[in-house]
Amino acid sequence: MNSNLVINNSFFYYCFMQHHISKEGFEKFKAEWESLKYTERPAMQKQVSDAAAEGDRSENAAYTFGRMRLREIDQRLRQLDKLLDGAQIVEAKAPVDGSIRFGAKIQLKEERTQKNKVYCIVGSEEIDPLQGKISMKSPLGTALLGKKAGEKITVQTPRGELHYFILEVLYP
């Protein structure tokens, strides 16, 4: 790194702490934050308070569990705060050239098995392999970005190379 380059905190945060997320993903995480902050945490605080009022806290399982659950909730709230604060919401729009971008839904045919698979390119915080949501930073996501329907791609995996044919590219 160039020692003459001065990076202030906001520039560093913008360049290295932002992450791409869909509007739906942002709303999902925001709803989770609100539920934890305004519903679950107050309920757990009341449960801990009620358990503490029962007397000896050292042998009170409800008190111990409640305190542990409060720590878990607080930890998740901190994670969600960082995620939501650093989120750059990306609208999934079909580009003029028809290439694959963030938010695209892609139908692929695997060359070896001849099975069709459908994937959606999302941010790394939104991945859900069971729903076909893959990160744009994953090996498959990286190989797909910029490609178009009708092209063939090769993906390096721990088990070797996989070859796919891009059948269709859709945008919401």
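The structure contained in this document is the topic of the report that follows. Throughout this document, residue positions are counted from 1 along each chain, in the order its sequence is written. Whole-chain, interface and lining totals are the exception, using all residues; otherwise, since this is a predicted model, local features are given only for residues with pLDDT of at least 70 and side-chain atom pairs are given and counted only at 80 or more. Where side-chain values are given, they derive from all heavy atoms of the structure, hydrogens and water being excluded.

Patch membership requires more than 30% relative accessible area and the absence of a salt bridge. Residues of like charge join within 9 Å; the nonpolar side chains Val, Leu, Ile, Met, Phe, Trp and Tyr join within 5 Å. Surface accessibility follows the Shrake-Rupley procedure with a 1.4 Å probe radius. Residue values consider only the protein chains on display as shielding. Salt bridges, as used here, are contacts in which a Lys or Arg side-chain nitrogen is within 4 Å of a carboxyl oxygen on Asp or Glu. Note on charges: Lys and Arg go in the positive column, Asp and Glu in the negative column, and His and the chain ends are not counted at all. Every charge is mapped to an atom, namely NZ of Lys, CZ of Arg, CG of Asp or CD of Glu. The grouping of Glu 24, Glu 27, Glu 34 and Glu 91 at the surface amounts to a negative patch. By definition, any uninterrupted DSSP run of H or I lasting at least four residues is a helix, any uninterrupted run of E lasting at least two residues is a strand, and each is numbered from the N terminus. Structurally, the position occupied by Glu 91 is in the loop between β2 (87–89) and β3 (105–110).

Below, the discussion takes up the packing of helix α2 (residues 23–52) against helix α3 (residues 61–85). At a minimum axis separation of 9 Å, α2 and α3 run at an interaxial angle of 160°. Relative to α3, the element α2 is oriented roughly antiparallel. Of the two elements, α2 crosses α3, and the hand of that crossing is left-handed. Each residue receives one of three labels: charged for Asp, Glu, Lys and Arg, nonpolar for Ala, Val, Leu, Ile, Met, Phe, Trp, Tyr, Cys and Pro, and polar for the others, Gly being one of them. When the residues that make up the contact of α2 with α3 are grouped by side-chain class, the tally is 17 nonpolar, 3 polar and 10 charged. Lines are fitted to the C-alpha atoms to define the axes, a helix being fitted only along its stretch in contact, and any angle between axes, read from their N-to-C directions, falls within 0 to 180 degrees. In what follows, roughly perpendicular refers to angles from 65 to 115 degrees, roughly parallel to angles under 35, roughly antiparallel to angles over 145, and oblique to any angle outside these ranges. Definitions for this section: a left-handed crossing has its near helix turned counterclockwise from the far helix by less than a right angle. A right-handed crossing has that turn clockwise.

Turning our attention to the sheet that holds strand β6 (residues 152–157). Two strands are said to pair when DSSP picks up at least two bridges between them. The strand order across the open sheet built from 5 strands is β5-β4-β3-β7-β6, with neighbouring strands paired in mixed fashion. Every interior strand has two partners, whereas the edge strands, β5 (133–135) and β6, have only one. Going from strand to strand, the sheet's axes swing by 45° on average, the running direction of each strand aside. Inspection of the sheet shows β3 paired to strand β7 (residues 160–170) by 6 bridges, in the antiparallel sense. Across the sheet, Glu 110 pairs through a bridge with Tyr 164, a residue of β7.

Note on classification: 1.4 Å probe, protein chains only; a residue is buried when its accessible area is under 20% of the maximum for its type, exposed when over 50%, partly exposed between these limits. Taking every second residue as pointing to the same face, the buried face of β3 carries Ile 106, Leu 108 and Glu 110, while none of Lys 105, Gln 107 and Lys 109 on the other face is buried. Sheet topology note: the β3/strand β4 (residues 116–122) ladder contains 5 bridges and is antiparallel. The residue bridging Gln 107 from the neighbouring strand is Val 118, located in β4. Count of turn residues in the β3/β4 antiparallel hairpin: 5 residues, of which Gln 114 carries a positive phi of about 60°.

Attention now moves to the pairing of β6. Relative to β7, β6 is paired through 6 bridges, and the arrangement is antiparallel. If you follow Ile 153 over to β7, its bridge partner there is Tyr 164. What sits between β6 and β7 in their antiparallel hairpin is a turn of 2 residues.

It is worth spelling out the nonpolar core at this point. For soluble globular proteins, nonpolar side chains are generally found buried alongside one another. Only buried residues count toward a nonpolar core. Its members are Ala, Val, Leu, Ile, Met, Phe, Trp, Tyr and Cys residues joined through side-chain atoms within 4.5 Å. Core analysis: the largest hydrophobic core is formed by 19 residues, its most contacted members being Ile 100, Ile 106, Leu 108, Leu 140, Leu 144, Ile 153 and Ile 166. Of all elements in the fold, only β3, β4, α4 (139–144), β6 and β7 reach the threshold of two or more residues within this core. Counting residues in hydrophobic clusters, the runner-up holds 17 residues, among them Ile 21, Trp 33, Leu 36 and Ala 87.

Bringing the pattern of salt bridges into the picture now. Per the counting criterion, the structure on display carries 9 salt bridges. Two residues, Glu 32 and Arg 76, come together in a salt bridge whose shortest N-O distance is 2.8 Å. Linking Glu 32 in helix α2 with Arg 76 in helix α3, this pair joins segments that are 44 residues apart in sequence. Residue classification places Arg 76 among the partly exposed residues on the basis of a relative accessible area of 25%. Arg 69 is the salt-bridge partner of Glu 40, the closest N and O atoms lying 2.8 Å from each other. In this pair, Glu 40 sits in helix α2 while Arg 69 sits in helix α3, placing the two residues 29 residues apart along the sequence.

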